[in-house]
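# Structural characterization, general
Single-letter residue listing:
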Amino acid sequence: MDKSANLAIDRPNLAGKMQVRQPSRLVSSLLVNLFLFSLLLFAIYPLVWQTFTSLRTNPELFADPWGLPTKPTLDNYVKVWLTSPLPTYFFNSLVVSLASVVLILAFSSMAAYGFAKLSFLGNATLLLFLLSLYFVPPHIALIPLFVLLKALKMIDTHWALIFPYTAFAIPFSTILIRSFIASIPKELIDAALIDGCSKTRVFFALILPLIKPILAVNFIFQFVNCWNEYLFALVFLHSRQAKTLPVGLLDLVAEFHTDWVAMAAGLTMATVPVVIIYVIFHEQIITGMTAGAIKG
Amino acid sequence: MFFILPALAVTVGFIAYPAVMSAYYSFFDWDGLGGSREFVGLGNWARILSDPVIWESIAHNLVFILVAVFVQVPFAFAIALVLTRAKVFGRSIYRLAYFLPVILSVSVVGILWTWVYNPQFGLLNEFLKFIGLGSLARPWLGSSLTALPAVILATCWQVTGFYIVVFLSALAGIPEDIYDAAAMDGVNLWQLGAHITGPMLREVFAVLVAIAIISSLKRFDLVYVMTQGGPVHSTEVLATYLFKNAFLAYELGYASTISFLLFLLTVSLVVFQLRSMRSVETVEY
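Computed from a predicted structure; not experimentally measured. Per chain, residue numbering runs from 1 following the sequence as it is written. Written order decides the labels, with chains lettered from A and ligands numbered from 1. The predicted origin of the model limits local features to residues at a pLDDT of at least 70 and limits the giving and counting of side-chain atom pairs to 80 or more, whereas totals for whole chains, interfaces and linings rest on all residues. For the side-chain quantities, the full set of heavy atoms in the structure was used; hydrogens and water were omitted.

### A look at the overall build of chain A
Rules: Under the DSSP-based scheme used, a helix requires at least four consecutive residues in state H or I and a strand at least two consecutive residues in state E, with every element numbered from the N terminus. Note on method: radius of gyration uses C-alpha positions; expected globular size equals 2.2 Å times residues raised to 0.38. Remark: exposure states derive from per-residue accessible area (1.4 Å probe, protein chains only) relative to the maximum for the residue type, with buried under 20%, exposed over 50%, and partly exposed in between. Two residues form a contact once any of their heavy atoms are found within 4.5 Å. Residue burial considers only the protein chains on display, and all accessible areas are found by Shrake-Rupley using a 1.4 Å probe. In this charge count, Lys and Arg are treated as positive and Asp and Glu as negative; neither His nor the chain ends contribute. Here the site of a charge means atom NZ of a Lys, CZ of an Arg, CG of an Asp or CD of a Glu.
Counting its secondary structure elements, chain A contains 14 helices and zero strands. In summary, chain A has a C-alpha radius of gyration of 26 Å against a globular reference of 19 Å for 296 residues, an excess of more than 25%. Taken over the C-alpha atoms alone, chain A extends approximately 75 × 75 × 35 Å along its principal axes. When the 296 residues of chain A are sorted by exposure, 49% land in the buried category. The contacts in chain A between residues at least 6 apart in sequence include a share of 73% that link residues at least 24 apart. When the accessible area of chain A is evaluated, it comes to approximately 14,300 Å², of which 71% is carbon and sulfur surface. Of the side-chain charges in chain A, 19 are positive and 14 negative, and the distance between the mean point of each set is 7 Å.

Shown next as structure tokens:
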């Protein structure tokens, strides 16, 4: 461990060098921070602007698009909430997302348990099959799915989204949970089995409590995914009564036509819950969304 | 076995079966409305070869890929490196804010950016007027010359945060003594990224480039929300053209063939990319 000894000796020197170069360092550090901060403004300003706009009136907006809400009003919110189907879209999104997430978690944690801890014929092959489905893009299934859902009389019902959302989330979710369950010591499960627990009981009483953290990650991030899904919702839903927020919002734009501030209020109402959930649960959401890329 | 049955049933029914049927439909001329379903063999593929819009769409998908691979990913790496190594105040706030657009619904992002480009009150035109470049103001999405770059900029806005955050966690996994050694050798940030951490994260780069290619080929939502592929196909991509053929023109057979083309393109590009990026020796640490 020669290296660490060297480091310990060299460190004070390094600090000395830094002090000499302080002025130029200060400038470059200032520039870096300024750059990062302007990028941050670029990332969030459209949302801030949308919120500002929703508190103004149309004449105000046209007079000065970049202006602040000097006489903030909630009229736009009241108007959109009372006269448009936005509440229905909200409710639909909530029902579809919650139902899908519950099914996703139930099915994939069961499957993950099966794949990780139970031995049955074709275990490895079936796992590989499920994994390969992870790479099937939704686009290629879109048309046959439409034909299938039509035959099942599900088009324009919430089931038309719940089943495909569940199906497309299961492969990844199962892989994620499986690696978690695989790390549970075999002895623990064997002990329970020897004590007379059935496999089902082991799953509910032992496995489920242990995998709570990964289920939480999965819950939040799958919820956000379902909440935002657009392509399936666009193709499988047609009526106002059934539409979810992403497609409903576009109808809203057509409905309020040139009433920009009202639309801004609608958009803000649709965004605020997501942003709040994100700020509270960002660790879970980021973990879930980037898990595929990081584990590679 | 009982435990995996529900998952298997749902995925077979709603992914595997439709994917196979898609290949089957591609041999037919079919409107999906109960009209005649006529076997045309490879006729749909011949039609693809002679359809100029297909080639235009592929070209636009390519532009999306190039921007994603050569702008978004390297830019995200640079930002992540600066955020990790430079003296930055409020590091976690930056991470939070940069990722925010990623979790927004595409319709919100699409509508919002249509307003940024709006000729009457759009933020972009107003900004140009403010800095004295008012002559450049134009209806960005209305002209076939500027519509594609405009949509691509909106895409960059939404997705770059994803790459930044992945690079951030990858960089956090690099042992501190490597940075110490680099600092002792007087390495600056640029050299650090280009010669040390960059090569160390080759695997992460390979995966992110694959993701960039796949998502650029699948690109549908933002384009459809903002321009519907117009004006005159100037922002058309394979996915929007597929959607229009299937659900506006009711050419289900032809649209299925396009979806297959999309799938084949994705697989071949990603396999080629992963082979060429992973074959090079990776740095161990």
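Still more ground to cover, so stick around.
### Quick notes on helix α11 (residues 212-228) of chain A
Residues spaced three or four apart along an α-helix face the same direction, because each turn holds 3.6 residues. All names here are of chain A. Selection rule: Expected helix span is computed as 1.5 Å times (number of residues minus one).
Here α11 contains 17 residues, and its C-alpha end-to-end distance of 24 Å stays within 8% of the 24 Å for a straight helix at 1.5 Å per residue. Within α11, 12 of the 17 residues are buried, which leaves it mostly tucked inside the rest of the structure. Buried within α11 are the following residues: I214, L215, V217, N218, I220, F221, Q222, F223, V224, C226, W227 and N228.

### Quick notes on the interface of chain B and chain A
Worth spelling out the cut-off: Buried area is understood as the total, over both parts, of accessible area removed when two parts are fitted together, assessed with a 1.4 Å probe. A pair is scored as a salt bridge if a Lys or Arg side-chain nitrogen falls within 4 Å of a carboxyl oxygen belonging to Asp or Glu. Nitrogen and oxygen atoms within 3.5 Å of one another constitute a polar contact, given that in protein one can donate a hydrogen and the other can accept it, and given that sequence-neighbouring residues count only through two side-chain atoms. Under the scheme applied, nonpolar residues are Ala, Val, Leu, Ile, Met, Phe, Trp, Tyr, Cys and Pro; charged residues are Asp, Glu, Lys and Arg; polar residues are all the others, including Gly.
At the interface, 87 residues of chain B touch 90 residues of chain A. For the pair chain B and chain A, the summed buried surface comes to about 8,000 Å²; carbon and sulfur atoms form 83% of the total. Remark: the boundary between chain B and chain A carries one salt bridge. Notably, a salt bridge pairs R95(B) with E283(A), separated by 3.0 Å at the nearest N-O pair. Between chain B and chain A we count 12 residue pairs in polar contact (both at pLDDT 80 or more) in total. No other element matches the 16 residues that helix α1 (residues 5-25) of chain B contributes to the side of chain B that touches chain A. When its residues are assigned to classes, the side of chain B that touches chain A shows 68 nonpolar, 11 polar and eight charged.

### Concerning the domain arrangement of chain A
Short version of the rule: Residue ranges assigned to each domain were obtained from an automatic or database domain assignment.
The domain boundaries assigned to chain A delineate domain 1 (2-48) and domain 2 (76-295). On a C-alpha basis, the centres of domain 1 of chain A and domain 2 of chain A stand 41 Å from each other.

### A word on unusual backbone geometry
In the segment running from G230(B) into P231(B), the intervening peptide bond is cis, with an omega of -15°. Topologically, P231(B) is positioned in the loop between α11 (221-226) and α12 (238-247). With phi around 70°, D156(A) is a residue other than glycine that occupies positive phi space. By secondary structure assignment, the location of D156(A) is in the loop between α7 (138-151) and α8 (159-182). Despite not being glycine, V232(B) has its phi angle at roughly 35°, a positive value.

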